[in-house]
Amino acid sequence: EIVVVGSLNMDIRLTVDRIPHSGETISATGLKRSPGGKGGNQAVAAARLGRRVAMVGAVGDDDAGREIADRLGAEGLTTRAVAQLTDVPTGTAVILWEQPESTIVIEAGANARVDEAYVREHADTVRYARIVLCQCETPLGALAAVVDLAQGVKILNPAPAVAVPREIRDGFNILVPNRFELATLANANTVPRTLEGVVALAKSLEFPGSVVVTLGEDGSVVIPNGGRDAVHVPAIPVNAIDTTAAGDSFCAALADGLLRGEDLVGAARWAARVAAVTTTKHGAIESLPYPTDIPNPTLL
Ligand code: ADP
């Protein structure tokens, strides 16, 4: 049903009171190690919502890689297209967690091998998916291959912020940036603050499909294709304690909503409910909800 083409990382998360200065050593107050990466998070999020999900990605032939592959399997994902490569390490993210924000350094490792040729090796998996979900933690060539191969709905979450070339970007059906990623996509030097500013910047992309811009606690705005009016979808008020993976959760739930037969606005409303629950729990994968965690899960 859903194929995620994207990154798999081992997240090493250190809780700190502050970010150290250059050359300084400080002590962490906590350590958590867990599988992550935007690709992995989105794949697990969709699987937990009840979708059949296949992952296209790569890890190293090391302990972290085996742990990630085992975890994805345990979450019910198809991992046939997750290679364990012998000559590169598993992607690693070192996260300095200073409530409420993270400072992150990533070593792409095996994720750098998830390029055009790699995705083409898994052409059949990509070709027949109903929805293909992509992000920007793997080479742009992977996106080009998805655009070329996939017959289903192609969704791009252009995160982290990357100026995706227009010829690749325009091959997708739906873009899901946050406002910073939108500014990068549009080559704007300021990040839009108002809803009107966000909508104007999204329209300036002249993207042939639809754009859904996530706005954190301000919800999201859906800009449908064909010049129809933008629709603001409010966030669900919750006691947010950790917004890690909120965007990943939103993207996966958007895909789930579309497969439930909702239009894009309906899917964004569902995604807001799922992402809101994600912010009420700590961590990335650990915070991704099951339908039973969401109030009135059958009601969209
Ligand atoms: P990203 O983490 O990718 O920047 P956002 O911060 O925009 O993504 O969050 C994605 C979605 O998660 C939002 O559109 C919103 O629906 C939900 N969300 C994020 N923060 C909150 C919050 N504080 N309260 C409720 N929902 C939130």
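The rules behind these values
Residues numbered from 1 in each chain as written. Predicted model: local features only at pLDDT ≥ 70, side-chain atom pairs only at ≥ 80, totals over all residues. UniProt positions renumbered as here; feature names shortened; annotations may be inferred. Pairing = 2+ DSSP bridges. Helix = DSSP H or I, 4+ residues; strand = E, 2+ residues; numbered from the N terminus. Contact = placed C-beta atoms within 7 Å. Axes fitted to C-alpha atoms, helices over the stretch in contact; angles between N-to-C directions. Expected span 1.5 Å × (residues − 1). Buried ≥ 20, exposed ≤ 12 C-beta atoms within 10 Å, placed from the backbone. Core = buried A, V, L, I, M, F, W, Y, C linked by C-beta atoms within 7 Å. Near = placed C-beta within 6 Å. Nonpolar A, V, L, I, M, F, W, Y, C, P; charged D, E, K, R; others polar. Left-handed = near helix turned anticlockwise from the far one by under 90°. Arc of directions from axis to C-beta.

In the annotation of an unreviewed UniProt entry, the protein is listed under the name Ribokinase and assigned to Sanguibacter gelidistatuariae. Recorded under Function (unreviewed entry), the UniProt text for the protein is reproduced unchanged: "Catalyzes the phosphorylation of ribose at O-5 in a reaction requiring ATP and magnesium. The resulting D-ribose-5-phosphate can then be used either for sythesis of nucleotides, histidine, and tryptophan, or as a component of the pentose phosphate pathway." Taken from UniProt, the Subcellular location (unreviewed entry) comment for the protein reads in full: "Cytoplasm".

Some points on the sheet that holds strand β10 (residues 174-175)
Strand order across the open sheet formed by nine strands is β5-β4-β1-β8-β9-β10-β11-β12-β13, with mixed pairing between neighbours. The sheet is open, and its two borders are formed by β5 (78-85) and β13 (231-233), each paired with just one other strand. Note that strand β11 (residues 210-214) and strand β12 (residues 220-223) share four bridges and pair antiparallel. When the sheet's bridge partners are listed, V212 is paired in β12 with V222. Its contacts with the sheet place helix α1 (residues 38-48) against β1 (2-5), β4 (53-60) and β8 (131-134), and it is angled at close to 150° to β4. Helix α9 (residues 246-259) rests against β1, β8, β9 (153-156) and β11 of the sheet, and its axis sits at about 170° to β8.

Observations concerning helix α10 (residues 264-278)
The end-to-end C-alpha separation of α10 is 20 Å, in line with the 21 Å expected for 15 residues at 1.5 Å each. Of all the 15 residues making up α10, 13 are buried; the element is thus mostly covered by neighbouring parts of the structure.

Re the nonpolar core
Membership of the largest hydrophobic core comes to 86 residues, with the highest contact counts inside it found for V146 and L254. At 10 residues, the largest contribution of residues to this core is made by α10. For L254, the contacting residues outside a window of four places in its chain are V176, V212, A267, A268 and A271.

A closer look at the site of the ligand
What surrounds the ligand is a group of 20 residues, the closest being N178, T214, A240, G247 and A275. Broken down by secondary-structure element, the contributors of at least two residues to the shell around the ligand are α9 and α10. For the shell around the ligand, the per-class residue count stands at 11 nonpolar, eight polar and one charged.

Considering the UniProt feature "binding site: ATP" (unreviewed entry) in the protein
Residues annotated by UniProt as "binding site: ATP" (unreviewed entry) correspond here to N178, T214, L215, G216, E217, D218, G219, G247 and D248. As for its position among the elements, T214 is in strand β11. If we ignore the near neighbours within four places in the chain, the residues touching T214 are V176, N178, S220, G247 and F250. One can find G247 in helix α9. Judged by the 24 C-beta atoms lying within 10 Å of it, G247 falls in the buried class.

Regarding the UniProt feature "active site" (unreviewed entry) in the protein
UniProt annotation of "active site" (unreviewed entry) refers to D248 when read in the numbering used here. By the element assignment, D248 lies in helix α9. Under the C-beta neighbour-count criterion, D248 is labelled buried, with 32 such atoms within 10 Å. Excluding residues within four positions of it along the chain, D248 makes contact with K38, N41, Q42 and A45.

A look at the packing of α9 against α10
Two numbers describe how α9 lies on α10: the axes approach to 7 Å, and their chain directions differ by 145°. For α9 against α10, the interelement crossing comes out right-handed. Side by side, α9 and α10 meet where A246, S249, F250, A253, L254, G257 and L258 of the first sit next to G266, A267, A268, W270, A271, V274, A275 and T278 of the second. In the contact of α9 with α10, the residues fall into 11 nonpolar, four polar and no charged.

Some details on the pairing of β11
Within β11, five of the five residues are buried, which leaves it mostly tucked inside the rest of the structure. Here β10 pairs with β11 via two bridges, running parallel. Each bridged residue has a counterpart across the sheet, and for I174 the counterpart in β11 is S210. Connecting β11 to the next strand, β12, in antiparallel fashion are five residues, including G216 with a positive phi near 60°.

So, helix α8 (residues 195-204)
Listed in full, the buried residues belonging to α8 are V198, L201 and A202. Take α8 and look down its axis: the buried residues cluster within an arc of 100°, on one side only. The first or second residue beyond α8 is E206, which carries a positive phi of 50°.

So, the pairing of β1
Neither face of β1 is left uncovered, since the one carrying I2 and V4 and the one carrying V3 and V5 both have all their residues buried. In the sheet, β1 pairs with β4 via four bridges, with the strands oriented parallel. Within β4, the residue paired with V3 across the bridge is A54. Relative to β8, β1 runs parallel, the two sharing four bridges. Residue pairing in the sheet places V3 in a bridge with V132 of β8.

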